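Single-letter residue listing:
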Amino acid sequence: MQTSLILAGFICFAYGFSSLTLSFINKFLFTSYGFKRVISILFLQQAIILGTYFLLSIIPYKAQLKKYRLYAPTLSMENQKKIFILSFFTLANVFFGIWALTKVNIPMFLALRRTALFFVVVAEYIGSRVIPNRNTRIAIGLICGGAIVAGGSDMNYDPLGYFLVLSNNILTATQMQVTKRLSETKVDALSMMFWNSVNMVPVLATIALFNNEIGYLLEFEYTLDPGFLLVLMLSGIMGMLINYSCLLCTTYNSPTTTSITGNVKDIFSTLLGMLLFADFQFNFFIAVGLILSLSGAGYYSYIKIKAASESAQVEKSRV
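Presented here is a report on the structure given in the accompanying data block.

Rules of the game
Residues numbered from 1 in each chain as written. Predicted model: local features only at pLDDT ≥ 70, side-chain atom pairs only at ≥ 80, totals over all residues. Heavy atoms only, no water. Helix = DSSP H or I, 4+ residues; strand = E, 2+ residues; numbered from the N terminus. Buried < 20%, exposed > 50% of the residue type's maximum accessible area, 1.4 Å probe, protein only. Contact = heavy atoms within 4.5 Å. Expected span 1.5 Å × (residues − 1). Axes fitted to C-alpha atoms, helices over the stretch in contact; angles between N-to-C directions. Left-handed = near helix turned anticlockwise from the far one by under 90°. Salt bridge = Lys/Arg side-chain N within 4 Å of Asp/Glu carboxyl O. Core = buried A, V, L, I, M, F, W, Y, C linked by side-chain atoms within 4.5 Å. Nonpolar A, V, L, I, M, F, W, Y, C, P; charged D, E, K, R; others polar. Phe/Tyr/Trp six-rings, centres within 6.5 Å; stacked < 30°, edge-to-face > 60°. Lys NZ or Arg CZ within 6 Å of the ring centre and 35° of its normal. Disulfide = S-S within 2.5 Å. Patch = residues over 30% accessible without salt bridge, like charges linked within 9 Å, V, L, I, M, F, W, Y side chains within 5 Å. Areas by Shrake-Rupley, 256 points an atom, 1.4 Å probe, with all protein chains shown as cover. Bend = angle between axes of the 7 residues up to and from the residue.

Here we come to the overall build of the chain. Secondary structure summary: the chain contains 13 helices and zero strands in total. Counting helices and strands in the order they occur from the N terminus, the chain gives α-α-α-α-α-α-α-α-α-α-α-α-α. Within the chain, buried positions represent 50% of all 319 residues.

Below is the structure:
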C-alpha cells in the first residue's frame, strides 16, 4: 500500500511538473518571440511522440524494453474507435488551451482553469455515477471558490478569452472521462498516447496545409534563431511528457485526482506568473483566492493519504 501511495504521488508530481513547465514555455513563445501558431506547436508535439516511439522500436534492446511496456500493442477495432474519440477531445482541448493563453494573462488563465475541477466531478457523475464524499466536496468547494474569488478580480476582462478557458475546462473533463473508460478496457497509457498521436498527426497536417503554417514559418523572423528553435523543441518535448503523465495519472489515480494535481500546479504557476510576466495586476482578492485554493488542495491530499493509511491498517488486521 505504501509503495502504491508513493507511486501515485510520483505520477502526480510528474504530471504537475511537466504541465507547469509547458505553460511557461508556451507563454514565453507567445510573449518573447510573438509565435502564436497553435497548429504548429500541436503538430510538433505529436510528431515528437511518434518519433520517440520509432527510435525506441529500433534500438538494440528491444526485448528488454518490451518487458516494461514501451511498445503500443495492436488494438481491437472497438478500442480504435474509442481512441479516435479520445483524439478528437484531446485535439480540441489542447487547441482551446493554447488559444486561450494568447487571449488571457497566464495567472488569470490558471485561476480560471482551476474551476475545471467542477466540470471533472460532473463528468465523473454522468459517466460513472461517482459522487464524491462530504470531505472531498469541501475540498473541491474551497479550490473552485478560490478560483472564482481570484478570477473575479481580473480587470483585463476578455470575453473571448474567458469563453475559451471555460471551453477548455469542459473539454478537459470529457477527455479525462474518456481516458478513464478506455483504461477499464485494459488499454494502457502508452498505447493511448501512441494511437492518439497516430490519429492526430494527419488531421493537424491537413489543417497546417490549409492554414499556411509552412509559409508562415518560412517568413517568421526567428525561424533560424537558435534560442527560438530550442524553446520550440522544449515545447514539443514537454508536450509529449505532459500527454503521457496526464494519461498515466488519470488511469492510475482518477480524473478528480488528476484535476486537483493540475490545480496545485496552477497555484504555483500563478505565483510564478506574478513575478515573471508584466501583464498581471496583483490584489487582495487574488491573494485570498490563492489561499482558499491551496487550502482545498492541501485538504484533499490529507484526505487521500488518510484513506490510504486506513486501508493499509484494515489489510494488516486481516492478515
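To continue, consider the side chain of Gln-45. Within the secondary structure, Gln-45 sits in helix 2 (residues 38-58). What Gln-45 contacts, discounting residues up to four positions off in sequence, is Leu-22, Val-94, Ser-235, Gly-236 and Gly-239.

Below, the discussion takes up helix 8 (residues 159-183). Look at helix 8: 36 Å from first C-alpha to last across 25 residues, which is about the 36 Å you get at 1.5 Å a residue. Among the 25 residues of helix 8, 18 are classified as buried, and the element is accordingly described as predominantly covered.

The next point concerns the packing of helix 4 (residues 77-101) against helix 9 (residues 189-210). Running from N to C, helix 4 and helix 9 point in directions that differ by 60°, and their axes come no closer than 9 Å. Between helix 4 and helix 9 lies a crossing whose hand is right-handed. Facing Gln-80, Ile-83, Phe-84, Leu-86, Ser-87, Thr-90 and Leu-91 of helix 4, the residues of helix 9 in contact are Met-192, Trp-195, Asn-196, Asn-199, Met-200, Val-203 and Leu-204.

On to the pattern of salt bridges. A complete count under the given rule lists one salt bridge for this structure. Glu-213 is paired through a salt bridge with Arg-37; the nearest N and O atoms lie 3.4 Å apart. Separated by 176 residues along the polypeptide, Glu-213 in helix 10 (residues 213-219) and Arg-37 in the loop between helix 1 (2-32) and helix 2 bring together distant segments of the chain. Exposure class is identical for Glu-213 and Arg-37. Each is buried.

Here we come to the nonpolar core. Leu-29, Ile-41, Leu-86, Met-192, Phe-228 and Leu-232 are the most contacted members of the largest nonpolar core, which totals 53 residues. Secondary structure elements with two or more residues in this core: helix 1, helix 2, helix 4, helix 5 (106-113), helix 8, helix 9, helix 11 (226-252) and helix 13 (284-318). The residues contacting Leu-86, other than those within four sequence positions of it, are Gln-175, Val-178, Thr-179, Leu-182, Met-192, Asn-196 and Leu-247.

Describing two packed helices takes the angle between their axes plus the distance from one axis to the other. Running from N to C, helix 8 and helix 11 point in directions that differ by 65°, and their axes come no closer than 9 Å. Seen from above, helix 8 lies across helix 11 with right-handed handedness. Residue-level contacts link Met-176, Thr-179, Lys-180 and Ser-183 of helix 8 to Leu-247, Thr-250 and Thr-251 of helix 11. Considering only residue class, the contact of helix 8 with helix 11 consists of two nonpolar, four polar and one charged.

Take the packing of aromatic side chains next. According to the stated counting rule, one finds 14 aromatic pairs in the structure shown. Pairing Phe-13 with Phe-17 gives two aromatic rings, centres 6.1 Å apart and planes at 20°, and the pair type is stacked. Separated by four residues within a single helix, Phe-13 and Phe-17 lie in helix 1, roughly one turn from each other. Overall, Phe-13 belongs to the exposed group, its relative accessible area being 57%. For Phe-17, a relative accessible area of 48% translates into the label partly exposed. Aromatic side chains Phe-220 and Phe-228 sit 5.1 Å apart centroid to centroid with 55° between the ring planes, which places their arrangement in the tilted category. Phe-228 carries the same exposure label as Phe-220, and that label is buried. Members of the aromatic cluster, connected to one another through ring pairs, are Phe-28, Tyr-33, Phe-35, Tyr-216, Phe-220, Tyr-222 and Phe-228. Taking the ring centre of Tyr-216 as reference, the NZ or CZ of Arg-37 above it sits at 4.1 Å.

Looking now at the state of the cysteines. Evaluation of the coordinates by the stated rule reveals zero disulfides. Here Cys-246 stays unpaired: no disulfide links it, and the sulfur of Cys-249, its closest cysteine neighbor, is 7.1 Å away. For Cys-246, a relative accessible area of 14% corresponds to the buried category.

One non-glycine residue, Asn-212, lies in the positive phi region at around 55°. Assignment of secondary structure puts Asn-212 in the loop between helix 9 and helix 10.

Next up on the list: a nonpolar patch on the surface. Among the surface-exposed residues, Leu-7, Phe-10, Phe-13, Phe-17 and Tyr-252 lie close enough to one another that they form a single nonpolar patch of about 560 Å² accessible area. Mapping Tyr-252 onto the fold places it in helix 11. Residue Tyr-252 is classed as partly exposed on the basis of its relative accessible area, which comes to 37%.

For Thr-136, the position within the fold is in helix 7 (residues 134-151). Not counting residues up to four positions away in its chain, the partners in contact with Thr-136 are Tyr-300 and Ile-303.

A few words now on helix 9. Taking 1.5 Å per residue, 22 residues should reach 32 Å; helix 9 reaches 32 Å between its end C-alpha atoms and fits that length. Of all the bends in helix 9, the greatest reaches close to 30° and is centred on Met-200; the proline Pro-202 follows between one and four positions later.

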